[in-house]
2 protein chains.
Amino acid sequence: MRKIAESTVRRLSLYLRFLEDFERQGTETVSSEALATRGGTTSAQVRKDLSFFGSFGKRGFGYSVPELAGRLRDILGLERTYRIVVVGAGNIGAALAHFRGFEQHGFHVVSLYDCDPKKIGQKRNSIPIRDQRRLEADLAKELVDMAIVVTPAGAAQEIVDRLVKAGVKALLNFAPIQLRVPDDVIVKNVSLVLELEALSYGLRNR
Amino acid sequence: MRKIAESTVRRLSLYLRFLEDFERQGTETVSSEALATRGGTTSAQVRKDLSFFGSFGKRGFGYSVPELAGRLRDILGLERTYRIVVVGAGNIGAALAHFRGFEQHGFHVVSLYDCDPKKIGQKRNSIPIRDQRRLEADLAKELVDMAIVVTPAGAAQEIVDRLVKAGVKALLNFAPIQLRVPDDVIVKNVSLVLELEALSYGLRNR
DNA sequence: CTATGTGAATGATTTCACAGCT
DNA sequence: AGCTGTGAAATCATTCACATAG
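Residues numbered from 1 in each chain as written. Chains lettered and ligands numbered in written order. Predicted model: local features only at pLDDT ≥ 70, side-chain atom pairs only at ≥ 80, totals over all residues. Heavy atoms only, no water.

Engineer: What exactly am I supposed to notice about the overall build of chain A here?
Structural biologist: From N to C terminus, chain A includes nine helices and nine strands. In chain A, buried positions account for 50% of the 206 residues. Long-range contacts, defined here as pairs at least 24 residues apart, represent 55% of the contacts in chain A between residues at least 6 apart. For chain A, the accessible area works out to roughly 10000 Å², and carbon and sulfur atoms hold 50% of it. Considering chain A, the positive charge centre built from 31 side chains and the negative charge centre built from 24 side chains are found 2 Å apart. (Helix = DSSP H or I, 4+ residues; strand = E, 2+ residues; numbered from the N terminus. Buried < 20%, exposed > 50% of the residue type's maximum accessible area, 1.4 Å probe, protein only. Contact = heavy atoms within 4.5 Å. Areas by Shrake-Rupley, 256 points an atom, 1.4 Å probe, with all protein chains shown as cover. Lys, Arg positive; Asp, Glu negative; His and termini not counted. Charge placed at Lys NZ, Arg CZ, Asp CG, Glu CD.)

Shown next, in the form of structure tokens:
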């Protein structure tokens, strides 16, 4: 498959969110223009994004909402569910455990990991908090697809090395460091301070 | 000022993070190559990013760590602190209240807002939870610079309309909807499901 | 001699505009 | 008649490569 831009993939995910809304409200058909307006982009952009993967619409008509949603789920690899662990059961880790959006979209948080003996054995939203030292043993029994890293900065790289060694190929990193991983491991970073700094820049320069 | 790419601004913020590390460990001097390696980019990219704003290095030598950090803070508008409110005192809102990174970087969370009478009046990490209905009255007394929106999807647009009307010009949105705001209001979206879907796409296509 | 700063070249992404289906 | 799908054009971002300053 031809290399697809990160920005395109992110927009596809956004289009899928809109299609889910349309599905819920029973809308049958949608035009590229309608998706564009909703997502703050242009109809040409929507059509171009889709065209990398096939042609899913009917000319003069638009797209079938359920069909396009299905195609996007297929493209994004969402026809299956994913098993996830969250490493770090602090405030953010616990909040992630309670976040319903993950489950609703097929991302199943199977376990939290922490090193605080007071937390180990507890649950958050019925998800168990396990001893971080058991990570390798647990993953060897049943591998997970993705890990969310919400440890302090100092612990993140070591945890990630262990996750990678255990076979995890996709990471969502909240720690404020740039992780070093092999080429076949995908990392996405979430940095709230960085987002606020981008807002700060924006406020100042306009 | 010439229009600067979003991607450049985000990298500047990243460079600043690295410079803060260097400052802490007392490193005096850094090269574009060192910053590049750290951030997974190239030295040419680093120099180009900086060149949009001036020339801060010494040829044959590199950059003074404290000086470059200062310049970046200045460029990003971080020579001051910002007052922030968090709307929605659910799990994520509470986690944000406990997040030390905000305060450390000059983003001061002054208040949480919620509509649940059981939560109103409580505190999270000594930040008060106030009645959402008081938003306008409070902001009229003392305006905030930014708001973080962590309400359910259904409530987000209405809250944002009120924040905008009250004069807030910068929003960080966690709600899974595309917000409609006037042109002079900046919005950055954080969508964890979108990040996981991007990981899903990545896992499948390599 | 070393590492910056920067035009010029290359590469990537978005927009345009219209032919082609339905 | 209307909206998609798509090459071609335009714009935007990154990389190259080297003159220049310390």
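Engineer: How do you make sense of the packing of helix α2 (residues 32–39) of chain A against helix α3 (residues 43–51) of chain A when you look at a structure like this?
Structural biologist: For any two helices packed against each other, one specifies the inter-axial angle together with the distance between the axes. Residues and elements named next belong to chain A. At a minimum axis distance of 7 Å, the contact between α2 and α3 shows a crossing angle of 110 degrees. By the angle between their directions, the pair α2 and α3 is classed as roughly perpendicular. Residues S32, E33, L35 and A36 of α2 lie in contact with α3, whose contacting residues are S43, V46 and R47. For the contact of α2 with α3, the residue count by class is three nonpolar, two polar and two charged. (Axes fitted to C-alpha atoms, helices over the stretch in contact; angles between N-to-C directions. Parallel < 35°, antiparallel > 145°, perpendicular 65-115°, else oblique. Nonpolar A, V, L, I, M, F, W, Y, C, P; charged D, E, K, R; others polar.)

Engineer: What is the right way to read the protein's contact with DNA strand D from this model?
Structural biologist: Surveying the vicinity of DNA strand D reveals 23 residues, the closest of which are S32(A), R47(A), G57(A), Y63(A) and R59(B). When the atoms of DNA strand D within 4 Å of the protein are sorted by group, sugar and phosphate make up 60%. The contact in question runs from a base nitrogen of DNA strand D to an N or O atom on the side chain of R47(A), over 2.6 Å. Backbone polar atom of G60(A) to a sugar or linking oxygen of DNA strand D: 3.0 Å apart, as the coordinates give it. Secondary structure elements with two or more residues in the surface near DNA strand D: α3 of chain A together with α1 (6–24) and α3 (43–51) of chain B. Here the surface near DNA strand D gets four residues from one element, more than from any other, and that element is α3(B). (Near = heavy atom within 4 Å. Polar contact = N/O pair within 3.5 Å; in protein donor to acceptor, adjacent residues only side chain to side chain.)

Engineer: Honestly, helix α4 (residues 65–76) of chain B in this entry has me stumped. Any pointers?
Structural biologist: Side chains of residues three or four places apart in an α-helix project in the same direction, reflecting 3.6 residues per turn. Taking 1.5 Å of rise per residue, 12 residues should cover 16 Å, and α4(B) covers 16 Å from first to last C-alpha, within 8% of that figure. Listed in full, the buried residues belonging to α4(B) are V65(B), L68(B), A69(B), L72(B), I75(B) and L76(B). In a view along the axis of α4(B), the buried residues occupy a sector of 125 degrees, so they form one face of it. Where α4(B) is buried, its residues touch α9 (192–204) of chain A together with α1, β1 (29–30), α2 (32–39), α3 and β2 (63–64) of chain B. You can read the cap of α4(B) off the contacts: a side-chain oxygen lies 3.2 Å from the backbone nitrogen of E67(B), and it is on S64(B). Positive backbone phi, at 80 degrees, marks G77(B), one or two positions downstream of α4(B). (Expected span 1.5 Å × (residues − 1). Arc of directions from axis to C-beta.)

Engineer: How do you make sense of the sheet that holds strand β3 (residues 82–87) of chain A when you look at a structure like this?
Structural biologist: Where strands meet in a sheet, backbone hydrogen bonds hold them as pairs that are either parallel or antiparallel. Residues and elements named next belong to chain A. The sheet built from seven strands is open, its strands ordered β5-β6-β4-β3-β7-β8-β9 with mixed pairing. Here the strands that pair on one side only, and so sit at the sheet edges, are β5 (123–124) and β9 (186–189). Here strand β8 (residues 170–173) pairs with β9 via four bridges, running parallel. Residue pairing across strands places N173 opposite N189, the latter belonging to β9. (Pairing = 2+ DSSP bridges.)

Engineer: What's the story with the relation of the copies chain B and chain A in this structure? I'm lost.
Structural biologist: Between the two chain copies there is a screw-like relation: a rotation about an axis and a shift along it. The operation relating chain B to chain A is a screw motion whose rotation component is 180 degrees, with 0.0 Å of axial translation and a residual RMSD of 0.0 Å. Both copies of the chain, as the preceding transformation shows, are related through a two-fold rotation axis. Most of the interface of chain B is mirrored in chain A, where 100% of its interface residues are also at the interface. (Least-squares fit on C-alpha atoms with pLDDT ≥ 70 in both.)

Engineer: Quick question: what am I supposed to make of the protein's contact with DNA strand C here?
Structural biologist: Close to DNA strand C lie 23 residues; S32(B), R47(B), G57(B), G60(B) and Y63(B) are nearest. Each atom of DNA strand C within 4 Å of the protein belongs either to a base or to sugar and phosphate, the latter forming 61%. A distance of 3.1 Å separates a base oxygen of DNA strand C from a polar side-chain atom of R59(B). Within the side chain of Y63(B), a nitrogen or oxygen atom sits 2.8 Å from a phosphate oxygen of DNA strand C. When residues of the surface near DNA strand C are traced back to their parent elements, those giving at least two are α1 (6–24) and α3 of chain A together with α3 of chain B. With four residues, α3(A) is the largest single contributor of residues to the surface near DNA strand C.

Engineer: It is not clear to me how the pairing of strand β3 (residues 82–87) of chain B should be interpreted in this structure. Could you clarify?
Structural biologist: Each regular strand displays side chains that alternate between the two surfaces of the sheet. Residues and elements named next belong to chain B. For β3, a buried count of five out of six residues is recorded, marking the element as mostly surrounded by other parts of the structure. By the bridge criterion, six bridges tie β3 to strand β4 (residues 107–114) in an arrangement that is parallel. Bridge pairing links V86 to L112 in β4. As judged from the four bridges shared by β3 and strand β7 (residues 146–149), these two strands associate in the parallel manner. Within β7, the residue paired with V86 across the bridge is I148.

Engineer: Would you mind going over the interface of chain B and chain A with me for this structure?
Structural biologist: Bring the parts together and some accessible area is lost; that lost area is often taken as the interface size. Residue-level contacts link 59 residues of chain B with 59 residues of chain A. Between chain B and chain A the total buried area reaches about 5300 Å² when both faces are included, carbon and sulfur atoms providing 69% of it. Taken together, the connections running from chain B to chain A amount to eight salt bridges. A salt bridge links R204(B) to D74(A); the shortest N-O distance between them is 3.7 Å. Here chain B and chain A share 18 residue pairs in polar contact (both at pLDDT 80 or more) between them. No other element matches helix α9 (residues 192–204) of chain B, which puts 13 residues into the side of chain B that touches chain A. (Buried area = accessible area lost by both parts, 1.4 Å probe. Salt bridge = Lys/Arg side-chain N within 4 Å of Asp/Glu carboxyl O.)

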